[in-house]
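Examining the three-dimensional arrangement
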Amino acid sequence: QVQLVESGGGLVQPGGSLRLSCAASGFIFKLLAMGWYRQAPGKQRELVAAITSGGSTNYQDSVKGRFTISRDNAKNTVYLQMNSLKPEDTAVYYCNCAPLGAWGQGTQVTVSS
């Protein structure tokens, strides 16, 4: 079965950092693009960052220069390094494999002083 499990969320102060992880299983991870999305209360889910099987990346404008998406194919894991966090980054962050229509259950990121 396809499974995506996010971890690494938590409560941080503005300007702080977190590293999110998404452990994937049930498919040939290295062949597929992966992405991170987020959803804040009362708002729609939005793309944060994506990475292709070849390692090309793209980012939501609001996180460019602050977030970095990466993947370790040997570990079937996607990461999102989040630096210089802002209160507006507060959301549940979800891992996604678009070609399979697969989502994780999310990990909460709260940025607050």
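This report concerns the structure included in the present document. As the structure is a computational prediction, the values presented were derived from the model and not from experiment.

Considerations on the packing of aromatic side chains
Counting across every chain of the model gives 3 aromatic pairs. Seen in terms of ring centroids, Tyr37 and Trp103 are 4.9 Å apart; in terms of plane orientation they differ by 70°. Their pairing is edge-to-face. With a gap of 66 residues between them, Tyr37 in strand 4 (residues 34-39) and Trp103 in strand 10 (residues 102-103) connect regions that are remote in the sequence. Where Tyr94 meets Trp103, the ring centres are 6.5 Å apart and the plane angle is 85°; that geometry is what we call edge-to-face. In textbook terms, an aromatic cluster arises when at least three aromatic residues are bridged by ring pairs, as seen for Tyr37, Tyr94 and Trp103. The cationic tip of Arg45 hangs over the ring face of Tyr94; the distance from NZ or CZ to the ring centre is 3.7 Å. Stacked on the ring of Phe29, the Lys or Arg Arg71 has its end atom at 4.4 Å from the ring centre.

Focus on the sheet that holds strand 7 (residues 67-72)
Strand pairs in the sheet, formed through backbone hydrogen bonds, run parallel or antiparallel to each other. Pairing in this open sheet of 4 strands is antiparallel, and the strands run 1-3-8-7 from one edge to the other. In this open sheet, the two edge strands, each paired with only one partner strand, are strand 1 (3-7) and strand 7. Across the sheet, the mean angle from the axis of one strand to that of its neighbour is 15°, orientation sign disregarded. Pairing of strand 1 with strand 3 (residues 18-25), which is carried by 5 bridges, proceeds in the antiparallel orientation. From the neighbouring strand, Gln3 faces strand 3, where its bridge partner is Ser25.

Definitions and cut-offs
Along each chain, numbering runs from 1 in the same order as the chain's sequence is written. Restriction of local features to residues with pLDDT of at least 70 applies here, the model being predicted, together with a cutoff of 80 or more for giving and counting side-chain atom pairs; totals for whole chains, interfaces and linings are based on all residues. Side-chain descriptors were evaluated using all non-hydrogen atoms of the structure, hydrogens and water having been removed beforehand. Classification of ring pairs rests on two measures: the distance between centres of Phe, Tyr or Trp rings, Trp counted by its six-membered ring, which must be within 6.5 Å, and the angle between planes, read as stacked under 30 degrees, edge-to-face over 60 and tilted in between. Going along the chain from the N terminus, every DSSP run of H or I of four or more residues is numbered as a helix, and every run of E of two or more is numbered as a strand. Geometrically, a charge over a ring is one whose NZ (Lys) or CZ (Arg) sits within 6 Å of the ring centre while staying within 35 degrees of the ring normal. DSSP-based pairing: two strands are paired if at least 2 bridges between them are found. What counts as an axis is a line fitted to C-alpha atoms, over the stretch in contact for a helix, and the angles between N-to-C directions run from 0 to 180 degrees.

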